[in-house]
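Structure assessment
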Amino acid sequence: MADLIVNHMSTRSAQFQDFLAHGERSAFAGMFLTFDRVFPDGATERDLLRLYRPRPGLPLTDVTFADRTRRIMRTTFTSAQVDLDVGHPATIAYLQSVLDRFAAAGVRSARLDAVGYAVKTPGNDLLRHARDVPVRPRSALLGSRAGHRGAGRDPLALRTAVRDGRHVDRVYDFALSPLVLHGLFTGDAGPLRRWLEIRPTNAVTVLDTHDGIGVHDVGRDVTDPQRAGLLEEEQIDALVERIFDNTKGASRTTTGTAASNVDLYQVNSTYYDAVARDDRAYLLARLLQFFTPGIPQVYYVGLLAGENDMKLLASSGVGRDINRHRYPPAEVEATLERPVVQDLLALIRFRNAHPAFAGAWRCSSEGRSELSMR
């Protein structure tokens, strides 16, 4: 599997550099979203403030061309990543060239990175058209939809969109992670149970990633406050504060606008530290992940029950690095002998090999604090 980044391209790419050098005369000019292409009729203050972005500030960056003219580009993530017009022939040709290279290299499936941000027209969704893209040979489509169109934002719509792989083969279940933590911290199984009742089953289940622990997928829709989330705002605040306490304040120094952090909606901590290095709580979290329908994905730091890397954080000053420990071989060998890691490996083997997981699944609960999976 390999990432296909459909939303943006680097400002250092040959295509964008050609655009900067030749402006509208560039063969690649139509690939990149300028302000006037996104807003052909202009934009009001209200229009701009309604734009959702997983970063502080507006998704706009002004650039200077070779002839000294300046233009405003749409940049959803960072000023070094310019958004693409996914409907332009030059963009389609570029994306197809990447898919062709994937196929030639033996890549069997493509993960569509940040695909929820790729279309800027209200009501449209690139996933509806993704299967019409000529892929040779056909790649499976694994959608990464974190953001305001993510699982917690509109779970019923998401379930309809991806159920049985009608638009993608699998979708990431990012909501599971904070819901599991909420259950462990409070004894309240209700929000997790409600999500299990409506979530898509053709999912990749996730507790931790290189980007930390996401919380925005379970919150209220920032573009439509009338659409409730899977957790109330007070519950999310309590969840984040509990992680801060469990990490003895370490994650507080790396989250939000702290430590050159680029994402306001994820808590930077290892999952093991988020549960206060409690082996039983950590293994219970993994059991909940593994028993939930889908394909479990375990981040390498999580696989080794890794702790927050304060030295790496101090040297880089980048918040996400607290969860990106670099293991030398000797440390890997020693870590693999820890009882919690041995138990986790045993759980993984059990999940992969036991025939029950090829059968039917159902979930029930009795009262607020009990959750039963069969």
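Calculation criteria
Residues numbered from 1 in each chain as written. Predicted model: local features only at pLDDT ≥ 70, side-chain atom pairs only at ≥ 80, totals over all residues. Heavy atoms only, no water. Helix = DSSP H or I, 4+ residues; strand = E, 2+ residues; numbered from the N terminus. Buried < 20%, exposed > 50% of the residue type's maximum accessible area, 1.4 Å probe, protein only. Contact = heavy atoms within 4.5 Å. Polar contact = N/O pair within 3.5 Å; in protein donor to acceptor, adjacent residues only side chain to side chain. Core = buried A, V, L, I, M, F, W, Y, C linked by side-chain atoms within 4.5 Å. Pairing = 2+ DSSP bridges. Phe/Tyr/Trp six-rings, centres within 6.5 Å; stacked < 30°, edge-to-face > 60°. Lys NZ or Arg CZ within 6 Å of the ring centre and 35° of its normal.

**A closer look at the overall build of the chain**
Helices and strands together make up the secondary structure of the chain, namely 15 helices and 14 strands. Looking at the chain as a whole, 49% of its 374 residues are labelled buried. Restricting the contact set of the chain to residue pairs at least 6 apart, pairs at least 24 apart contribute 70%.

**Looking at the environment of Asn246**
Secondary-structure assignment places Asn246 in helix α9 (residues 233-246). A residue is classified by how much of its surface remains accessible, and Asn246, at 16% relative accessible area, is buried. Setting aside its immediate chain neighbours within four residues, Asn246 contacts Phe185, Asp273, Ala274, Val275 and Ala276. Within the structure, Asn246 has its side chain in polar contact with the backbone oxygen of Ala274 (distance 2.7 Å).

**Digging into unusual backbone geometry**
Phi at Ala276 is positive, roughly 60°, even though this residue is not glycine. Non-glycine residue Ala305 carries a positive phi angle of around 50°. One can find Ala305 in the loop between α12 (300-303) and α13 (310-316). Given the relative accessible area of 1%, Ala305 is considered buried.

**A word on the side chain of Asp188**
With respect to the secondary-structure elements, Asp188 resides in the loop between α7 (176-186) and α8 (190-198). At 3.2 Å, the side chain of Asp188 forms a polar contact with the side chain of His182. Ignoring sequence-local partners within four residues, the contact set of Asp188 consists of His182, Gly183, Gln235 and Arg368.

**Some words on the nonpolar core**
Of all hydrophobic cores here, the largest spans 42 residues; its most connected members are Leu179, Val180, Leu181, Tyr271 and Tyr282. Elements that contribute at least two residues to this core include exactly α7, α8, α9, α10 (271-274), α11 (279-291) and α15 (339-353). For this core, the leading source of residues is α11, giving 6 residues. Discounting chain neighbours no more than four positions away, the residues touching Tyr282 are Tyr271, Tyr272, Val275, Gly302, Leu303, Ala305, Val340 and Leu344. Leu4, Val6, Val115 and Val119 belong to the second-largest nonpolar core, a separate cluster that totals 14 residues.

**Some words on the environment of Asp113**
Tracing the backbone through its elements, the reader meets Asp113 in strand β6 (residues 109-113). Residue Asp113 is classed as buried on the basis of its relative accessible area of 18%. Taking the C-alpha atoms as reference, Asp113 lies 7.6 Å from Asn7; in sequence the two are 106 residues apart.

**Some details on the pairing of strand β4 (residues 70-74)**
Pairing of strand β3 (residues 60-64) with β4 involves 5 bridges; the strand directions are antiparallel. Each bridged residue has a counterpart across the sheet, and for Leu60 the counterpart in β4 is Arg74. Connecting β3 to the antiparallel partner β4 that follows it, the hairpin turn spans 5 residues, and Arg68 within it adopts a positive phi of roughly 75°.

**Structural notes on the packing of aromatic side chains**
Considering all chains together, one arrives at 12 aromatic pairs under this definition. Between the aromatic rings of Phe16 and Phe19, the centroid separation amounts to 5.9 Å while the plane-to-plane angle is 65°, which identifies the pairing as edge-to-face. Pair noted here: Phe16 and Phe19 are both in helix α1 (residues 14-22), with a separation of 3 residues, about one helical turn. Assigned by exposure class, Phe16 and Phe19 land together as buried. Between Phe77 and Tyr117, the ring centres sit 5.3 Å apart and the planes meet at 75°, which makes this aromatic pair edge-to-face. Taken together, the positions of Phe77 in the loop between β4 and β5 (81-83) and Tyr117 in the loop between β6 and α5 (126-130) put the pair 40 residues apart, joining distant regions of the chain. Given a relative accessible area of 8%, Tyr117 falls into the buried group. Clustering of aromatic rings is evident, with ring pairs tying together Phe16, Phe19, Phe32 and Phe65. One Lys or Arg, Arg286, reaches over the ring of Tyr271 and ends 6.0 Å from the middle of that ring.

None of the figures reported here should be taken as evidence of function without further support.
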